[in-house]
Amino acid sequence: MLSPLAARKAEKLGYKNVKVFHAGMPAWKKAGNIVVSNMAGIENYDKLGASYILLDLRPGNIAEKGHLPKAVGLPASGLDALKDQFPKYLNAPVILYTQHGDTEAAKEAYKKISSWGYKQVGILSGGFDAWEKAGKTIAKGPAETKITYVRKLLPGEMDIEAFKALVQKPAADSVILDVRAVSEVAEGALPNAKTIPLDDLEQKLADLPKDKKIVIHCSTGARAEMAYNLLKKAGFNAGYVKANVDFDKEKKGEYKITD
Amino acid sequence: MKGKALTVLALVAALALAGGWPLIGAALADDKLPSKSDQSCLKCHEYDKSSNLFAGKLVDVSSKANALQLQIDKEMEVIYFDDSTVLKNAPSLKKIPKQESIRIIYLKKNGKNFAKEIEVKKGIAVPKEKLADADEVAKLVALGPEKGKYVLLDSRPGEAYEQGHIPTAISMPFFAFDKLQETVLPKDKEMLQIYYCIGFS
């Protein structure tokens, strides 16, 4: 929405040849074009404590002489060997670099990772050379061999593994709340879970304990997040999990919790 | 008519008391609910002077619960809808991209926020001759600013630019336009300038 307003301002200044690429960033990516990232982008993630995937596309012996901190090296067998280590979360930021910036090798890797569905891929502007020239920290020795991406939890969000553990072993200070619809609950529910459809939640607040943590789930996490926000407003100690909780229609009592 | 509505309201309130519901929602008359608006909306709209209105960014829609979540500054509001909800400027709720600015006229039903009307913010119309598409920009980018004789300007906030931008683009956040124009914009008034941002769908 900002670009047409900026264009108007430019015209007011007397510029005669002003255009707007109104479809903007999403259309640029969709057309298969590459995106570049800045060094400041990496530093912002570090400042925020946000996780990102940084890939050094140079041969291992060169990366060993100096690479960006946290960079994962490209396996000798190529990028495909790393695919399984990529997170399920497709909005995870991925930054690629070579020696000099948007080289052919970087563009090829960019296209491949984008084709896997990742939406926030960028090629580091100026590559390793620019990083070194700017006097930024350089790590020596072999680059990392494994991608360790941890999506930052949202306010109120609970780690999936911690949730699974709670389902396995109920805690005295917590209650699991299932906010799926009655028809979904009929197909199965987690052991010891209290069930109140999201739709009825605000009328049934009195049924919930104020002295325990209420851990909410649904089938994907969308309704659980809404329920969390409603309970938080009503003064409850609540949390939710962004997970797919699926119940086996054939075998009663069997369920799967996945991210 | 008005008398009847009041009686119904009193009845709802009495029921609410008996049922132990939070009374606030049910006791307020429909036409006097407080408005809440994201600061970014208040730059151009006086939503704070109206009532029954939520203006913010769409976070999520659940078709299973007929509910949506709206972010207003740092707060989240959950708002329910049904077939009677009027939708403007979008073919369906599911088709509205996340983070889109929307405006909701709401009332309270059974103590819950209920959307009477949901309106998606309309894009600013740009005349055809002033529009550039991805192909045109890609051709220029391939030539580079010198050969292509253009300046590509990114109107998004600086952080978004740093995370990822179109090659050869210069960062010129819209809210810093006046401050940056002298240093960033070309001296040549005939030179092609192309602006882009997060786009619309």
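Reading guide: rules and limits
Residues numbered from 1 in each chain as written. Chains lettered and ligands numbered in written order. Predicted model: local features only at pLDDT ≥ 70, side-chain atom pairs only at ≥ 80, totals over all residues. Helix = DSSP H or I, 4+ residues; strand = E, 2+ residues; numbered from the N terminus. Buried ≥ 20, exposed ≤ 12 C-beta atoms within 10 Å, placed from the backbone. Contact = placed C-beta atoms within 7 Å. Nonpolar A, V, L, I, M, F, W, Y, C, P; charged D, E, K, R; others polar. Pairing = 2+ DSSP bridges. pLDDT = per-residue confidence, 0-100. Axes fitted to C-alpha atoms, helices over the stretch in contact; angles between N-to-C directions. Domains from an automatic or database assignment.

## Here's the deal with the overall build of chain B
Inference 1: Of the regular secondary structure elements, chain B holds six helices and 10 strands.
Inference 2: Across the 201 residues of chain B, 30% fall into the buried class.
Inference 3: At a minimum sequence separation of 6, the contacts of chain B that also span at least 24 residues come to 47%.

## Describing unusual backbone geometry
Inference 1: The phi torsion at A:Asn192 lies on the positive side, around 65 degrees, for a residue other than glycine.
Inference 2: Tracing the backbone shows A:Asn192 in the loop between helix H8 (182-185) and strand E8 (194-195).
Inference 3: Owing to 11 C-beta atoms within 10 Å, A:Asn192 belongs among the exposed residues under this scheme.
Inference 4: Even without glycine at this site, B:Thr168 takes up a positive phi of about 75 degrees.
Inference 5: Relative to the assigned elements, B:Thr168 resides in the loop between helix H5 (158-163) and strand E9 (170-171).
Inference 6: B:Thr168 gets classed as partly exposed once you count the C-beta atoms within 10 Å, which come to 18.

## Some remarks on the interface of chain A and chain B
Inference 1: Listed as interface residues are 51 residues of chain A and, on the opposing side, 50 residues of chain B.
Inference 2: Secondary-structure elements contributing two or more residues to the side of chain A that touches chain B are helix H1 (2-12), strand E1 (18-21), helix H2 (24-30), strand E2 (36-37), helix H3 (39-48), strand E6 (120-124) and helix H9 (222-233) of chain A.
Inference 3: With eight residues, the top contributor of residues to the side of chain A that touches chain B is H1(A).
Inference 4: Tallied by class, the residues present in the side of chain A that touches chain B amount to 29 nonpolar, 14 polar and eight charged.
Inference 5: The pairing of E1(A) with strand E10 (residues 192-196) of chain B spans four bridges and is classified as parallel. Its bridge partner being in E10(B), A:Lys19 is matched across the sheet by B:Ile194.

## Re the confidence of the model for chain B
Inference 1: Confidence in the prediction for chain B averages 85 pLDDT; 84% of positions are at 70 or higher.
Inference 2: Low pLDDT, under 50, characterises residues 11-28 of chain B; the predicted model gives this stretch 21 contacts beyond four residues in sequence or across chains.

## Some points on the sheet that holds strand E3 (residues 53-56) of chain A
All names here are of chain A.
Inference 1: Reading across the sheet, the five strands line up as E2-E6-E5-E3-E4 and stay open at both edges, with parallel pairing between neighbours. Here the strands that pair on one side only, and so sit at the sheet edges, are E2 and strand E4 (72-73).
Inference 2: Relative to strand E5 (residues 93-97), E3 runs parallel, the two being bridged by four bridges. Looking across to E5, one finds that Leu55 is bridged to Leu96.
Inference 3: The strands touched by helix H5 (residues 104-115) within the sheet are E5 and E6, with E6 carrying the most contacts at an inclination of about 175 degrees.

## With respect to H1(A)
Inference 1: Within H1(A) the residues assigned to the buried category are A:Leu2, A:Ser3, A:Pro4, A:Ala6, A:Ala7 and A:Ala10.
Inference 2: For H1(A), the secondary structure elements touched by its buried residues are E1 and H2 of chain A together with strand E8 (150-154), helix H6 (177-184) and E10 of chain B.
Inference 3: Positioned one or two residues after H1(A), A:Gly14 has a phi angle of 100 degrees, which is positive.

## Focus on the sheet that holds strand E7 (residues 174-178) of chain A
All names here are of chain A.
Inference 1: One open sheet holds the four strands; their spatial order is E8-E7-E9-E10, and the pairing between them is parallel. In this open sheet, the two strands that pair with only one neighbour each are E8 and strand E10 (238-240).
Inference 2: Where H9 meets the sheet, its contacts fall on strand E9 (213-217) and E10, and the angle it forms with E10 comes to roughly 170 degrees.

## Notes on the domain arrangement of chain A
Inference 1: Examined at the domain level, chain A breaks down into domain 1 (1-33), domain 2 (35-152) and domain 3 (160-258).
Inference 2: Of note, the centres of domain 1 of chain A and domain 3 of chain A, computed from C-alpha atoms alone, are 45 Å apart.

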